[in-house]
Structure formats: structure tokens, C-alpha cells
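Residues per chain, in single letters:
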Amino acid sequence: MEKKNCLILALDVTDRENALRIANEVSEYVDSIKVGYPLVLGEGLGIVKELAELAPVIADFKVADIPNTDRLICEQVFKAGADAVITHGFTGRDSLDSCVKVAKEYGRDVYVVTEMSHPGGVEFFRPVAETIAKMAVDAGATGVVAPATRPERVRDIRKIIGNDLHIISPGVGAQGGSAADVINAGADWVIVGRSIYNSDSPADAAMKICNDMKC
């Protein structure tokens, strides 16, 4: 993923028409579009290919299963046209290795969740987040996911992964995170959803975030 605006759109809508409209409106401001279960369950995996014509797509499926199942999921994701997949790390090194192996075969990327952005994200992830970050480095992942709602944690994770891996950071806007603060803390990209796609003008909302970051 080429870094131009440091902004990833989390496109958590559920219908094709709305998704494509929003994606078209913001395409000049976002470096990637992240899609998850709401949109894919609503419209099918084929929506990934359509969105990929506008921007690189990150499939946020938080893959978390045994290695063989992870392999099958990642293969389908990449065949559908996604440029990257988000996985969990708590299932262990063998599961993560399976995802990374498939990604390398397809020339795609893997981002590993270290700590989630909602308040409950600290309950179980906090004790293991740094271990997962280290595992992501050792496994050869592309990057990690760290919370924009807690910039100090982004700073902690950056110390562990160094400059070898990217950090993508959700939680800006509706969850209260500041795009500028988390970029200054060491994130490479911020992930923003509701503040953009629920706006009367998604393009203006995306542009304002980009301007605030001065990436």
C-alpha cells in the first residue's frame, strides 16, 4: 500500500450502491478501503473486486482459526481481489504463519491485531499485545493494528516492531481518537469509518482528516 494521505476508509455499510457511492466520493483522499463482515455478508465477496478498482482493499476478517482454515480463508480473500487481510495473533504462531505464507504466495499483505480500539480491548489484549507485536515481526507480517484511542499504546507497539512493520490504527472519529495524535505517536495510517461514511459529504470529511494530519 502506497502512503499518500495516511487515511484508510473503514467502509462498514451493508449495501453495494451506498458502498460504491462513498468509495467513489473519497477515492482521492484514501490510500485504501477496509471492508469487513457487514458489507461482505450483505453483498457477497464480489464487492471486493468492485472496490479494488477504486483503491486497494484490506479485508478485515480478523482471521482467527486453525492454520488450515486460515489458509483457506486467506486464499479466498486474495482471489477475490483484496490486497491485504487483517488477522488475529492470539491463535498462535502456526496460524499466523499460515496466513503470511499465503499472502507471500499472492504478493499480498497481512496485518495482525495487537490491541483493539474499543474500551473492552484492554481487558484481554493488553497483557498479550506486545507479545503479539513481536510475533508479527518474527512471522514476517506486513504490519500490525494498534488503537488510535490509546496513542500511548501505539507508541509502545512502535518501540517493539521498529520501522520494519507498518501500523494501521482504528478508532479515529466516532470512537474518540485523534488522527494527528496517533500519527505523531507512530502510526502509518489511521482507519476512519463512521465520521466519513455517515457524513453529509464523505469527501469533505475525508479531506478534513487528511488536512488535520498533514501527513
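Being a predicted model, the structure only gives us computed values, none of them experimental. (Residues numbered from 1 in each chain as written. Predicted model: local features only at pLDDT ≥ 70, side-chain atom pairs only at ≥ 80, totals over all residues. Heavy atoms only, no water.)

Novice: How should the pairing of strand 3 (residues 57-63) be read in this particular structure?
Specialist: Across a regular strand the side chains alternate sides, sitting on one face of the sheet and then on the other. Counting buried positions over the seven residues of strand 3 gives six, a clear majority of the element. Strand direction decides the pairing type here: strand 2 (residues 32-35) and strand 3, joined by three bridges, are parallel. Its bridge partner being in strand 3, Lys-34 is matched across the sheet by Ile-58. Between the parallel pair strand 3 and strand 4 (residues 84-88), the chain is carried across by helix 4 (residues 67-79), and the sense of this crossover is right-handed. (Buried < 20%, exposed > 50% of the residue type's maximum accessible area, 1.4 Å probe, protein only. Helix = DSSP H or I, 4+ residues; strand = E, 2+ residues; numbered from the N terminus. Pairing = 2+ DSSP bridges. Right-handed = clockwise from strand over helix to strand, strands pointing away.)

Novice: Looking at this model, I keep getting lost on the environment of Trp-189. Mind explaining?
Specialist: Looking at the secondary structure, you find Trp-189 in strand 8 (residues 189-192). Exposure remark for Trp-189: the relative accessible area of 1% places this residue in the buried category. For the pair Trp-189 and Cys-215, spaced 26 residues apart in the sequence, the C-alpha separation amounts to 9.1 Å. The residues contacting Trp-189, other than those within four sequence positions of it, are Met-1, Glu-2, Lys-3, Cys-6, Leu-7, Ile-8, Asp-31, His-166, Ile-167, Ile-168, Ser-169 and Ile-183. Side chain to side chain, Trp-189 and Asp-31 meet in a polar contact 2.9 Å long. (Contact = heavy atoms within 4.5 Å. Polar contact = N/O pair within 3.5 Å; in protein donor to acceptor, adjacent residues only side chain to side chain.)

Novice: Teacher, can you tell me more about the state of the cysteines here?
Specialist: Between two cysteines, a covalent bond joining their sulfur atoms is known as a disulfide. Within this structure, the stated rule accounts for zero disulfides. A disulfide-free cysteine, Cys-74 has its sulfur positioned 3.6 Å from the sulfur of Cys-99, the nearest such atom. For Cys-74, a relative accessible area of 0% gives the class buried. Given a relative accessible area of 1%, Cys-99 falls into the buried group. (Disulfide = S-S within 2.5 Å.)

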